[in-house]
Amino acid sequence: MEKQLPILDKNFVGNLIPQKAPFVMVDKLLSFSENEVVAGLTVTEDNIFCEAGIFQESGLIEHMAQSVALFTGYQFYLKEEPAPTGYIGSIKSIAITTLPKLGDKVVTTVNVLHEFMGVTLVDIVSKLNNVEIARGQMKTVLAS
């Protein structure tokens, strides 16, 4: 059982979220607390959102959403319970300033603002080399 952070085993991390290859956009769990998770992704050539060596906007947004899913998945893993499936309820004010390139390591921090009755509101910031490249707010909803 993997409870020591960071978790760099991409297969283990992939099992914490409902998405499956080739649609997995997180490969590291760097830190976790009651209201925050830090996830990572190394942009590889075989990534379905990598085009001409550039990680596309849709991939970055999916990475942000899967970072939220990783928060929930690891939370349930620690409680030794199966994680419920969830979906994006809304995306608000996504701003992307830079697109990662092949080999770049994206680090995304999810801060939970509110969590109530299966609805989670989060602020998300993605960075590359400690420089912010994307920011947004999402609401996720657990499937019942």
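See the structure shown above.
Engineer: Help me understand the overall build of the chain in this model?
Structural biologist: Along its length, the chain carries two helices and eight strands. When the helices and strands of the chain are listed from N to C terminus, the series reads α-β-β-β-β-α-β-β-β-β. The globule rule puts the C-alpha radius of gyration for 144 residues at 15 Å, and the 14 Å found for the chain is close to it. Considering only C-alpha atoms, the chain reaches an extent of 40 × 35 × 25 Å along its principal axes. Across the 144 residues that make up the chain, the buried fraction comes to 41%. Expressed as a percentage of contacts within the chain between residues at least 6 apart in sequence, the contacts between residues at least 24 apart total 61%. Of the roughly 7800 Å² of accessible surface on the chain, 54% is carried by carbon and sulfur atoms. Across the chain, the 11 positively charged side chains and the 16 negatively charged ones have centroids separated by 3 Å.

Engineer: For this particular structure, what's the right way to read helix α2 (residues 57-78)?
Structural biologist: Three- or four-residue spacings in an α-helix give side chains the same orientation, since the helix completes a turn every 3.6 residues. Compared with an ideal rise of 1.5 Å per residue, which puts 22 residues at 32 Å, α2 spans 32 Å between its outermost C-alpha atoms and is within 8% of the ideal. Of all 22 residues making up α2, 18 are buried, and the element is well covered by its neighbours. Downstream of α2 by a residue or two, glutamate 80 has a phi angle that is positive, lying close to 60°.

Engineer: Please explain the packing of aromatic side chains as it appears in this structure.
Structural biologist: Two aromatic rings, taken as a pair, are described by how far apart their centres are and by the angle between their planes. Counting across every chain of the model gives five aromatic pairs. Both rings, one in phenylalanine 12 and one in tyrosine 77, keep their centres 5.3 Å apart while their planes meet at 85°; by these two values the pair is edge-to-face. Taken as a pair, phenylalanine 12 in helix α1 (residues 10-14) and tyrosine 77 in helix α2 lie far apart in primary sequence, 65 residues in all. Across the pair, tyrosine 77 and phenylalanine 12 agree in class, each one buried. Among the aromatic residues, ring-to-ring pairing joins Phe12, Phe32, Phe71, Tyr74 and Tyr77 into one connected group. We note lysine 79 situated over the ring of phenylalanine 76; from NZ or CZ to the ring centre the distance is 4.3 Å.

Engineer: How should the pattern of salt bridges be read in this particular structure?
Structural biologist: Across all of its chains, the model carries two salt bridges by this definition. Residue aspartate 27 is joined to lysine 28 by a salt bridge in which the shortest nitrogen-to-oxygen separation is 2.7 Å. Side by side, aspartate 27 and lysine 28 carry an identical accessibility label, which is buried. Here arginine 135 and glutamate 132 are joined by a salt bridge, their closest N and O atoms 2.9 Å apart. For glutamate 132, a relative accessible area of 36% puts it in the partly exposed group.

Engineer: Would you take a moment to explain the pairing of strand β8 (residues 131-142) for this structure?
Structural biologist: Put simply, side chains in a regular strand alternate between the two faces of the sheet. Here strand β5 (residues 86-96) pairs with β8 via eight bridges, running antiparallel. When the sheet's bridge partners are listed, glycine 86 is paired in β8 with leucine 142. Both strand β7 (residues 119-128) and β8 contribute to a ladder of 10 bridges, which runs antiparallel. Its bridge partner lying in β8, isoleucine 124 is registered against glycine 136. Counting the residues between successive antiparallel strands, the hairpin from β7 to β8 contains two residues, one of them, asparagine 129, with a positive phi of roughly 55°.

Thresholds, definitions, all that
- Residues numbered from 1 in each chain as written.
- Predicted model: local features only at pLDDT ≥ 70, side-chain atom pairs only at ≥ 80, totals over all residues.
- Heavy atoms only, no water.
- Helix = DSSP H or I, 4+ residues; strand = E, 2+ residues; numbered from the N terminus.
- Rg over C-alpha atoms; globule rule 2.2 N^0.38 Å.
- Buried < 20%, exposed > 50% of the residue type's maximum accessible area, 1.4 Å probe, protein only.
- Contact = heavy atoms within 4.5 Å.
- Areas by Shrake-Rupley, 256 points an atom, 1.4 Å probe, with all protein chains shown as cover.
- Lys, Arg positive; Asp, Glu negative; His and termini not counted.
- Charge placed at Lys NZ, Arg CZ, Asp CG, Glu CD.
- Expected span 1.5 Å × (residues − 1).
- Phe/Tyr/Trp six-rings, centres within 6.5 Å; stacked < 30°, edge-to-face > 60°.
- Lys NZ or Arg CZ within 6 Å of the ring centre and 35° of its normal.
- Salt bridge = Lys/Arg side-chain N within 4 Å of Asp/Glu carboxyl O.
- Pairing = 2+ DSSP bridges.

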